[in-house]
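Tertiary structure, described
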Amino acid sequence: MSETIGESKSTVRDDTLIEVSGLRKHYGGDGIFAGPPVKAVDGVDFTIERGETLGLVGESGCGKSTLGRTLLRLETPTEGSILFDGTDITTLSGSDLKEWRRNAQMVFQDPESSLNDRMTVGEIIREPLDAHDWKGKQDRRERVLDLLDAVGLSDEHYFRYPHQFSGGQRQRVGIARALALEPEFLVLDEPVSALDVSVQAKIISLLEDLQEEFDLTYLFIAHDLSVVRHICDRVAVMYLGKIMELGETEDLFQNPSNPYTKSLISAIPRPDPTDATRRITLPGTPPSPRDAPAGCPFATRCPAKIRPESHTDLDEDVWDRIEQFREIIRERSRMDLSTADIAKRGLGRFSRFDDINETASDLFGDIDVPADIAEHIDVAVEYVEDGYPSKAREYLYEEFSSVCDREKPENHVVSESDRYSYCHRHTNEYEDVDTVLSRRTSDE
Ligand SMILES: Nc1ncnc2c1ncn2[C@@H]1O[C@H](COP(=O)(O)OP(=O)(O)OP(=O)(O)O)[C@@H](O)[C@H]1O
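Residues numbered from 1 in each chain as written. Predicted model: local features only at pLDDT ≥ 70, side-chain atom pairs only at ≥ 80, totals over all residues. Heavy atoms only, no water.

Under an unreviewed UniProt entry, the name given to the protein chain is ABC-type oligopeptide transport system, ATPase component, and the source organism is Halapricum desulfuricans. Per its UniProt entry, the protein chain bears the Sequence similarities (unreviewed entry) comment "Belongs to the ABC transporter superfamily." (UniProt positions renumbered as here; feature names shortened; annotations may be inferred.)

Examining the environment of arginine 50
Turning to its location among the elements, arginine 50 is positioned in the loop between strand S2 (38-49) and strand S3 (53-57). Apart from residues no more than four positions distant in its own chain, arginine 50 is found in contact with Asp15, Thr16, Leu17, Asp85, Glu184 and Thr217. Within polar-contact distance, the side chain of arginine 50 engages the side chain of aspartate 85 at 2.8 Å. (Helix = DSSP H or I, 4+ residues; strand = E, 2+ residues; numbered from the N terminus. Contact = heavy atoms within 4.5 Å. Polar contact = N/O pair within 3.5 Å; in protein donor to acceptor, adjacent residues only side chain to side chain.)

A few points about the site of the ligand
Taken together, 13 residues are adjacent to the ligand, and Ser60, Gly61, Lys64, Ser65 and Thr66 come closest. Cysteine 62 places a polar main-chain atom, nitrogen or oxygen, 3.1 Å from an oxygen atom of the ligand. Within the contact set of the ligand, an oxygen atom lies 3.0 Å away from a side-chain nitrogen or oxygen of lysine 64. Considered on its own, the ligand offers 630 Å² of accessible surface; in the complex 59% of this is hidden by protein. The element that contributes the greatest number of residues to the shell around the ligand is helix H1 (residues 64-71), accounting for three residues. Considered class by class, the residues forming the shell around the ligand number five nonpolar, five polar and three charged. (Near = heavy atom within 4 Å. Areas by Shrake-Rupley, 256 points an atom, 1.4 Å probe, with all protein chains shown as cover. Nonpolar A, V, L, I, M, F, W, Y, C, P; charged D, E, K, R; others polar.)

Rendered as structure tokens:
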């Protein structure tokens, strides 16, 4: 563990282009009849340095695209600030916003659908120049020809249509279009995911060349960790709307600190069969962003989760199954009951969930469960059988929740290169992540 653990992080670095503080993007949730909001991005702080490539990784639905789109003001943030070269762009509107947009553009994942098939390639690349009334007609034409050249296409492609191009060529068109107004910053949203591997390498190399030639700063969104490792200077790991860890690429890949990053990296296939790194298999699926845990977003699946003091002596296996049981109940509590079910519940004749008893037996049947724990399970089972899964959920929360469920962690500096990680275990109060994980994996 690094000596710096426990210090709070400083977000500002040497030559910061973008400084994001407390950024949130929630969808829906307003209005009397609206359900809870989708917390797609739920309070993130980070910087992007001028000229760097910051990678953004995480499972599908964790909020990567929403974060990228919000940085470009394609989405209006719910809360927080985004300083771009010192100006808070969250407050820009009208002509100021339009003017700023020249500086920041997006390259999309799917070159099949992101280009308008009714326009020639020349028209597609010229469109942003027309929209911003950029210089005269002849200048625009020359600019488009220069851009075609910069992305490895030629003059003859000017009058062709996107459907006449391969996937890689289409992505080159998308990149040329994004560069038309000479932006400083590009959000690359999975720019190579839809391409064949051989084409991916060419587009990555093109992006690297363009970055150098035009002094570009990139946010590179991806789920393929090997691509990220190759191209990014630093990497941010996202889970359920939060950044769990952020740091220099090699430092993060070689010595991840956050349990979530560790599990992601442990799942990368390794060519060396003697490599002793154990794969960490995560139970369950991420919770809905409408119903994220109040504390750490990873609390429901974390292999290094802190236990409540009252249950520290419990057998590892029993504890894991309690957590699994809690997830089953949590999912049930999110299902809406029909009017007929609610009426039956009122009459004490509710039967929709009466298989829960069997599920509990399947889950706990083959292990020794201490009597007091068995009693808690029985109470929860009864609540569910009576049609009150939310009460069961609350009951289990009261009995089994720990600091990870209840309190949001802080970002802690975990390496000398200022990598930071969002986890309660980085305080001296708790056993550190590695000790817990190595004990748990050696037990398996
Ligand atoms: N316009 C919207 N309205 C409501 N919910 C949305 C909207 N856009 C995104 N979401 C939700 O926000 C969450 C984050 O979505 P987002 O697309 O940002 O994730 P992602 O990490 O980019 O996923 P993927 O890798 O699959 O593209 C998801 O639960 C998604 O359903």
